[in-house]
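Descriptive analysis of the structure
For reference, the chains in residue letters:
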Amino acid sequence: MTMSSRRLNFSYLWTLYFILGGAETMISPLFPLLRDDLHLGESHQAALLAVVATGIASFNIISGASTRLLNERAIIRVAAVFLFIGMLISGTAQSFGPLVLGQACLGVAFGLFFPPALAAVARISPDAPGRAIAIYGLAYSVGLAAAAMSAHAGQDHWRWVFMVTAIPGLAAFVWAPRWPEPEPEAESAAPPLIAQLVEYGRTRSYRLAGFASFGGVSMHYVVIGFAPVYFVAGGIDIRRIAILLAAGRLLSAPVKLIAGSLYDRRGGPWATRLMMWMTSVTGVLLILLPARIGVYLLVPFVGVAVSVLPVSNAMLVAALPERSGWGIGIFRASLLGLAGLLAGCVSLLLKYFELETLMFAALGIPALVAFSMHRALKDPRQPNTSTRT
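To keep things clear, this report deals only with the structure shown in the data block. These figures come from a predicted structure and were not determined experimentally.

Turning our attention to the packing of aromatic side chains. Applying the stated rule across the entire model yields 13 aromatic pairs. Seen in terms of ring centroids, Trp 14 and Phe 18 are 6.2 Å apart; in terms of plane orientation they differ by 15 degrees. Their pairing is stacked. Highlighted residues: Trp 14 and Phe 18, both in helix α1 (residues 3–25), separated by four residues, approximately one helical turn. Between the aromatic rings of Trp 158 and Phe 162, the centroid separation amounts to 6.2 Å while the plane-to-plane angle is 90 degrees, which identifies the pairing as edge-to-face. In this pair, Trp 158 and Phe 162 are both assigned in helix α7 (residues 158–174), four residues apart and thus about one turn of the helix distant. Look at Trp 158 and you get buried, because its relative accessible area is 1%. Among the aromatic residues, ring-to-ring pairing joins Phe 10, Tyr 17, Phe 110, Phe 113, Phe 114, Tyr 136 and Tyr 140 into one connected group. Taking NZ or CZ as reference, Arg 266 lies 4.2 Å from the ring centre of Trp 270, over its face.

Below is the structure:
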């Protein structure tokens, strides 16, 4: 594959990941704008977040299993169709039901896209997969930053944000480049899915990647996801919150590059431990300080919390064979299934506890992840999970 075709393929996947990253979380910054139009409350937001997470998890499994027998490019184009449909339905929703359906379609889109796309990125850049995954992860950061800025659309124009974002999904379906793929396995030659899963589960770096990912994703769905509602209740203007969230997403771009470098030099557990401790400390201060001060800690909190994901993705790809869609799919499904369960639990617990209390409790997750990585580093059996030997 020539350098120009490699760049074209990478750019296509990067751009679609950017759009899907924004689509996944767009409901959080837009919720304060649409809640009055659709007569929704905080528990509805938690339910919407849970629907997205559950959709992603379910279709990560379907997508991962499908990559054993189907073309990666075809699966990604189907994901683009669901992105288009989900945005249209969300933008035209007149009540909670259609909005749930639209967000579910977005969850399906991201779920289908992630396993084949991550495997393809690592294959497109075989000489430096860790660096490629880190740069690929920047698309997600930029997408989340763009989604955070959508709060500036105003209460009368939130529908247009969904409608305009539907266009790239249609374009990505109509045209997609081709990249090298392993030949799909003959159904008779494909090992049983459960047997493969057991084999993956025995790989220690695969399990450690799961711990690292859950630390970042749990913050994404709880603390970051509820930050707009939390700080608006504290008297902070939604536009300021949107700017700070966007700044945090942009900060995560260089932090992800640093995290990728730390992964290459010190290994995944070491880099994860550092970022998870920083996440816990910053998050505690964000909640304990007065809202007018704590809101500014959204920038470093978001910048660090989500930057652990490229590290965990690099650990994941390193632990799997070349046709790794099933391993990636079940990994992401388990991760986001837990995140969806967590968001659902928060939705129920909001009836009995204050949002501040639940956000504070959630900060124990990255602390536990950091502790598990610390123990792994002390274990002499711990393998080197970096891309350098």
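That was the structure; now back to the text.
Judged by nonpolar contacts, the single largest core of 128 residues is most densely connected at Leu 13, Leu 34 and Phe 113. Examining the composition of this core, we find that 16 residues originate from one element, helix α9 (residues 204–233), more than from any other. Among all residues touching Phe 113, those that are not within four sequence positions of it are Leu 13, Leu 16, Tyr 17, Leu 20, Ile 76, Ala 79 and Tyr 136.

What follows concerns the side chain of Thr 282. By secondary structure assignment, the location of Thr 282 is in helix α11 (residues 268–288). Excluding its chain neighbours within four sequence positions, the residues that come into contact with Thr 282 are Leu 297, Pro 300 and Phe 301.

With that settled, consider the side chain of Thr 279. The residue Thr 279 is located in helix α11 in this model. When residues no more than four places from it in sequence are discounted, the contact partners of Thr 279 are Met 219, Phe 301, Val 304, Ala 305, Leu 363 and Pro 366.

Quick notes on the rules
- Residues numbered from 1 in each chain as written.
- Predicted model: local features only at pLDDT ≥ 70, side-chain atom pairs only at ≥ 80, totals over all residues.
- Heavy atoms only, no water.
- Phe/Tyr/Trp six-rings, centres within 6.5 Å; stacked < 30°, edge-to-face > 60°.
- Helix = DSSP H or I, 4+ residues; strand = E, 2+ residues; numbered from the N terminus.
- Buried < 20%, exposed > 50% of the residue type's maximum accessible area, 1.4 Å probe, protein only.
- Lys NZ or Arg CZ within 6 Å of the ring centre and 35° of its normal.
- Core = buried A, V, L, I, M, F, W, Y, C linked by side-chain atoms within 4.5 Å.
- Contact = heavy atoms within 4.5 Å.

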